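The lines below spell out each chain.
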Amino acid sequence: SSGINAEYGDDTGEVWFGEHTERKMVDWLVDNIPTTASVVDLGTGNGHLLAELVEEGFTNLTGVDYSASSVALARAVNEGNSVNFFCRDILEPVASSAERFDVCVDKGTYDAISLSATSSKDRVRYKTGLLSLLSPSPSARFLLASVNWTVSELREFFTDIFEVEEVLPTKQFTFGGVTGQDVSIIAFRHLSPQTGS
């Protein structure tokens, strides 16, 4: 984006988990999802990921965040782009099937929810809210990046509603004899509600 506006200047805010993580997510979406698919960014923050998807030709993009000031910044960052932004709590299920998306993307929101004092309850509410936003089609996808959870922990938590389509490679490190990743990025495929697989 060129200069944002008088209120924000050129400050677009932080790119959570770094630009390398965001780029991996964008590249996966470009390689695997039609540019006409409806994509929602959960906890969009400054909307930077959606601005990157606009650059890649995606045309049906939405960002949601519970913070009105984040939504205002995202709108400023995406000024001139045809991206929709809404202020809403994703822990609350959506009643309207018209608000369903082909792809849900999360880069840090699940992590933030996991750190709350009511995290065990809120993580279940997150999953319910996610399902209410995601199309029930088996072609629906959920792309998640986490720095707080391992791939195996995420797989275990979401296995009742998703199957792992791909674990994106990220930087690895070893600490105390255990090898881990700096960030876990998983592309999940929605399980078919009719068959459970």
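A short tour of the structure in this document, coming up. The shown structure was predicted, so the numbers you read here are calculated from the model rather than taken from an experiment.

Moving on to the packing of aromatic side chains. Aromatic ring pairs are reported here in terms of the distance separating the ring centres and the angle at which the planes meet. Tallied over the full model, the rule gives 13 aromatic pairs. A ring pair is formed by F142 and F188, whose centres lie 5.8 Å apart and whose planes are at 15°; its orientation type is stacked. With a gap of 46 residues between them, F142 in strand 5 (residues 141-146) and F188 in strand 9 (residues 184-190) connect regions that are remote in the sequence. Take F142: its relative accessible area is 0%, and that puts it in the buried class. Since its relative accessible area comes to 0%, F188 is described here as buried. An aromatic cluster is defined as three or more aromatic residues linked by ring pairs; in this entry it consists of Y110, Y126, F142, W149, F157, F158, F162 and F188. Stacked on the ring of F157, the Lys or Arg R123 has its end atom at 4.2 Å from the ring centre.

Our next topic: the pattern of salt bridges. Applying the stated criterion across every chain yields a total of ten salt bridges. For the salt bridge of K107 with E22, the shortest nitrogen-to-oxygen distance reads 3.6 Å. Taken together, the residues K107 in strand 4 (residues 103-107) and E22 in helix 1 (residues 18-32) connect sequence positions 85 residues apart. Here K107 matches E22 in class, with each residue buried.

As a further point, take the sheet that holds strand 3 (residues 83-87). Across the sheet, seven strands lie side by side as 3-2-1-4-5-9-6; this open sheet has mixed pairing. Strand pairing shows two members of the sheet lacking a second neighbour, strand 3 and strand 6 (162-168), which therefore form its edges. Put simply, the sheet's adjacent strands are angled 20° from each other on average, direction ignored. As defined by bridge partners, strand 5 adjoins strand 9 across six bridges and the pair is classed as antiparallel. Across the sheet, residue S146 finds its bridge partner in strand 9, namely S184. Strands in contact with helix 3 (residues 68-77) are strand 2 (60-65) and strand 3; relative to strand 3, the strand with the most contacts, it is inclined by about 170°.

The rules behind these values
Residues numbered from 1 in each chain as written. Predicted model: local features only at pLDDT ≥ 70, side-chain atom pairs only at ≥ 80, totals over all residues. Heavy atoms only, no water. Phe/Tyr/Trp six-rings, centres within 6.5 Å; stacked < 30°, edge-to-face > 60°. Helix = DSSP H or I, 4+ residues; strand = E, 2+ residues; numbered from the N terminus. Buried < 20%, exposed > 50% of the residue type's maximum accessible area, 1.4 Å probe, protein only. Lys NZ or Arg CZ within 6 Å of the ring centre and 35° of its normal. Salt bridge = Lys/Arg side-chain N within 4 Å of Asp/Glu carboxyl O. Pairing = 2+ DSSP bridges. Axes fitted to C-alpha atoms, helices over the stretch in contact; angles between N-to-C directions. Contact = heavy atoms within 4.5 Å.

By themselves, these figures tell us nothing about what the structure is for.
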